[in-house]
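Working through the structure, step by step
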Amino acid sequence: MSKIKVKIEQLRKDLRNHNHNYYVLDTPSISDYDFDILLKELETLEADNPEFYDANSPTQRVGGTVTKDFNTVTHKNRMYSLANSYSKEDLLDWENRVKKIVGVEQIEYTCELKYDGASINLSYQNGKLVNAVTRGDGFQGDEVTANIKTISSIPLVLQENLLDNFEIRGEIILPLKGFHKMNEDREEAGLELYRNPRNTASGSLKLQDSSLVAERPLDCLLYQVVGESKFETHAKTLEQARKAGFKVPIDLRVCQSIDEVFEFIEYWDTERHNLDYETDGVVIKVNSLHYQEELGYTAKAPRWAIAYKFKTEQAISKLVSIDYQVGRTGAITPVANLKPVQLAGTTVKRASIHNADQIAKLDLRINDTIFVEKGGEIIPKIVGVDLEKRPQDSKPVEYITHCPDCKTKLERKEGDAKHYCPNVYGCPTQNKERIQHFISRKAMNIDGLGAETIELLYDANLIQNYADLYDLRAEQIIPLERMAEKSAQNIVAGIQASKKIPFEKVLYGLGIRYVGETVAKKLARHFKSIDKLMTASLETLVSVDEIGERIAQSILDFSNDLLNMQLVESLKQYGVQLEIDESQSTTQSAILQGKKLVVSGVFTKFSRNELKQSIEDNGGKVSSSISSKTDYLIAGDKMGPAKRTKAEKLEIKIISEDEYILLIAG
Ligand code: AMP
Ligand code: ZN
């Protein structure tokens, strides 16, 4: 074998191990930075020596293939559903049927959680992934191999081979933390939020561009090896699969009796709320593979397994009225006002309804008796109407046709789920929300100024847009409701101080649709000034890494608007940073590249935001909670004792603010 081939093989093997340690075992064996270096090295070698191409190389995980139509593939082994049960009685009935067919008195079970995502069938040959197919109708599914390869916890090459040929099944899930992060980004960019993790996970599998799938923090939990096994039981087979490199959750339990099954169910009924993914039940399986074979299948589901569904917490209430909220981008969101009701430990008064289609689908009417549920979402949702209790004179809700604030006729473009108020610069709510966004923490971060004050200032006609803020004088503010002289002066001082805020934050603060925090950072670093950005053509804009046509078009729309040009011009006159201050970039380095830092407590030399910014400027990542992956905990005053204990237990370096300053000074 050539020297280069040996080197390539070694790199692939090392990267596979690191990957397995990080994504499957959750015990990283290398820093992200060092991992990237190895990966780059492999990429270069592969590019220079195309004869050693391997579809299962770790370099193939970043995606890039575009699939227009997914192949339909017939499953070798049908993918069945599961029978459901909702009570102990249901389970006892099932156990009796099982015992009768098998003809024994005691049966061993395995209990696993029912992972709520999209099922997938993975085929391996000689230790390598050959294809991945969705469940489809159970007989045939779509081949989504290119997308599946981007999921880091799925082994492309096994650590240890199981059988020459085998299939394994699992659930593609989107962990909650990742899901919320995706939605935060969308919220900032003014995009419609994803509804729930399950639909987002299954939708991800059908994206045409696999590099978009690669960006989503998907995971895959395995629950069944299909076909023959070297082992007698389901549990042993899964254990072996775990050794081979698959992510088989360790919560699986072997139970000697149905009573132990009940214990497992009771435990997880409450404990599930602490998981980082959604589960809607428990799957109970007969552990012996031999018995499984004897039991076989009904027309729809295996007889050897059953799902137990947790009760979703539901409450009955009454729909009192519907409010329509106008967002910063003009999107209209209906919100239901309910008769207050207790649900999962809190009093619920409002529920989200998303959009007009949702109202029509549920046929919601005022005074209807409705069912509310709490799912993964923070605000509860209405899931149905009790038609028997509907008042006789009730009429369908007529969705508003005009903006509740400025009365402009609403628009709904094709493909949009929501109605929009098109009166972007004349609609008071949109104007206020834009100013509120401008002063928010992640943008201009103006001390002493909050949403309510903006409302007062706007209503008193003291400001019409964010540029007007810089013209405010304390005497003008003092007469406002509940305003003291001191706080008025603080506001003015805070506004003046914001002139030092760097360009990328100002750009984010302008509130251009689809330009969230990350995009703003990219644009600022690329174009370096607002003038260059606002005069860039569509071609120039889309040529920037990760800037797509939708963002580019939105920037053009913004720049071509006379009002925006004037606004930007005024900001410039007032001395707001509209270009990158090169003197600031010297404080940037790559010294924290690949490092994860947690910040806790209060600091004297930085505000918490400045500290976080500084970490990012030096290449590090800020995470909110301590884990084994944390490199440093920067401890300030009044840090919680629990954080310290956890950091000490995990042997994470705890440093002070001053030590941090020394660290970045190299
Ligand atoms: P259902 O779609 O309700 O008929 O339930 C069957 C589906 O549950 C399967 O297709 C799997 O995708 C999913 N599932 C989730 N967790 C498990 C598990 N631990 N064992 C078996 N199936 C599971
Ligand atoms: Zn309006």
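Presented here is a report on the structure given in the accompanying data block. Quick caveat, the model's predicted, so the values are computed rather than measured. (Residues numbered from 1 in each chain as written. Chains lettered and ligands numbered in written order. Predicted model: local features only at pLDDT ≥ 70, side-chain atom pairs only at ≥ 80, totals over all residues. Heavy atoms only, no water.)

**Quick notes on the pattern of salt bridges**
In the structure shown here, the tally under the stated rule is 33 salt bridges. Where D142 meets K206, a salt bridge forms, and the shortest distance between an N and an O atom there is 2.8 Å. With D142 in strand β6 (residues 140–142) and K206 in the loop between α6 (197–205) and α7 (210–214), this residue pair connects regions lying 64 residues apart in the sequence. Since its relative accessible area comes to 18%, D142 is described here as buried. Salt bridges here are not isolated pairs; linked through shared partners, they connect E9, R12, E46, D54 and K128. (Salt bridge = Lys/Arg side-chain N within 4 Å of Asp/Glu carboxyl O. Helix = DSSP H or I, 4+ residues; strand = E, 2+ residues; numbered from the N terminus. Buried < 20%, exposed > 50% of the residue type's maximum accessible area, 1.4 Å probe, protein only.)

**Considerations on the environment of L295**
Note on placement: L295 falls in helix α10 (residues 289–295). In this structure L295 comes out as buried when scored by relative accessible area, which is 2%. In this structure, the C-alpha to C-alpha distance between L295 and R97, residues 198 residues apart in sequence, is 9.7 Å. Once residues within four sequence positions are removed from consideration, L295 is found in contact with V98, I101, V102, V286, R303 and W304. (Contact = heavy atoms within 4.5 Å.)

**Regarding the site of ligand 1**
Every residue near ligand 1 is listed here: S81, L82, E112, L113, K114, Y115, S119, R135, E171, Y223, V283 and K285. In this structure, an oxygen atom belonging to ligand 1 sits 3.2 Å away from a side-chain N or O atom of S81. With respect to ligand 1, the side chain of R135 contributes an N or O atom lying 3.0 Å from an oxygen atom. Taking 500 Å² as the accessible area of ligand 1 by itself, protein coverage stands at 87%. Counting residues per element, the shell around ligand 1 draws most heavily on strand β3 (residues 109–115), at four residues. Of the residues contributing to the shell around ligand 1, the split by class is five nonpolar, two polar and five charged. (Near = heavy atom within 4 Å. Polar contact = N/O pair within 3.5 Å; in protein donor to acceptor, adjacent residues only side chain to side chain. Areas by Shrake-Rupley, 256 points an atom, 1.4 Å probe, with all protein chains shown as cover. Nonpolar A, V, L, I, M, F, W, Y, C, P; charged D, E, K, R; others polar.)

**Things to note about the nonpolar core**
Grouped together as the largest cluster of nonpolar side chains are 57 residues, with contacts concentrated most on L469 and L507. Here this core gathers at least three residues from each of two domains, domain 4 (428–500) and domain 5 (503–584). Beyond its immediate stretch of four places on either side in the chain, L507 contacts I512, A520, L523, A524, I530 and L533. Y124, F166, L205 and L218 belong to the second-largest nonpolar core, a separate cluster that totals 33 residues. (Core = buried A, V, L, I, M, F, W, Y, C linked by side-chain atoms within 4.5 Å. Domains from an automatic or database assignment.)

**As for helix α1 (residues 3–24)**
With 22 residues, α1 ought to run about 32 Å at 1.5 Å a step, and its terminal C-alpha atoms sit 31 Å apart, in line with that. For α1, the full list of buried residues reads I8, L11, R12, L15, H18, N19, H20, N21, Y22 and V24. Looking one or two places after α1, you find D26, whose phi comes out positive at around 65 degrees. (Expected span 1.5 Å × (residues − 1).)

**Section: the packing of aromatic side chains**
The description of an aromatic ring pair uses the distance of the two centres, along with the angle that the planes make with each other. According to the stated counting rule, one finds 15 aromatic pairs in the structure shown. Relative to W268, the ring of F264 has its centre 6.3 Å away and its plane inclined at 50 degrees; by these criteria the two rings are tilted. One end of the pair, F264, and the other, W268, are both in helix α9 (residues 258–271), four residues apart, so they sit about a helical turn from each other. As far as the burial class goes, F264 and W268 line up, both buried. Residues Y308 and F310 carry aromatic rings whose centres are separated by 6.3 Å and whose planes lie at 80 degrees to one another, so their mutual orientation is edge-to-face. Y308 gets classed as buried once you look at its relative accessible area, which sits at 11%. In textbook terms, an aromatic cluster arises when at least three aromatic residues are bridged by ring pairs, as seen for F438, Y466, Y470 and Y574. Its guanidinium or amino end placed over the ring of F262, K88 lies 5.0 Å from that ring's centre, counting from NZ or CZ. (Phe/Tyr/Trp six-rings, centres within 6.5 Å; stacked < 30°, edge-to-face > 60°. Lys NZ or Arg CZ within 6 Å of the ring centre and 35° of its normal.)

**Some thoughts on unusual backbone geometry**
Generally, phi is negative for residues other than glycine and the peptide bonds are trans, each holding for most cases. Unlike most non-glycine residues, R482 shows phi in positive territory, near 50 degrees. Assessed through its relative accessible area of 74%, R482 is described here as exposed. Even without being a glycine, Y514 presents a positive backbone phi close to 75 degrees. Its place among the elements puts Y514 in the loop between α16 (503–509) and α17 (517–527).

**Section: the sheet that holds β3**
Within a sheet, each strand pairs with its neighbour through backbone hydrogen bonds, oriented either parallel or antiparallel. The strand order across the open sheet formed by five strands is β2-β11-β10-β3-β9, and the pairing between neighbours is mixed. Strands at the two margins of the open sheet, each flanked by one partner only, are β2 (84–85) and β9 (253–255). Bridging between strand β10 (residues 279–286) and strand β11 (residues 305–309) involves five bridges; their strand directions are antiparallel. Paired with I284 across the bridge in β11 is I306. Running at roughly 55 degrees to β3, helix α8 (residues 234–244) makes contact with β3, β9 and β10 of the sheet. Where α9 meets the sheet, its contacts fall on β3, β9, β10 and β11, and the angle it forms with β3 comes to roughly 25 degrees. (Pairing = 2+ DSSP bridges. Axes fitted to C-alpha atoms, helices over the stretch in contact; angles between N-to-C directions.)

**Examining the packing of helix α3 (residues 88–102) against α9**
Angle between the axes and distance between the axes are the two parameters that describe a pair of packed helices. Two elements in contact, α3 and α9, have axes separated by 11 Å at closest approach and are oriented at 145 degrees. Relative to α9, the crossing made by α3 is right-handed. Taking contact as the criterion, the partners of K88, L91, L92 and E95 in α3 are, on α9, I258, V261, F262, I265 and E266. Tallied by class, residues from the contact of α3 with α9 come to six nonpolar, no polar and three charged. (Left-handed = near helix turned anticlockwise from the far one by under 90°.)

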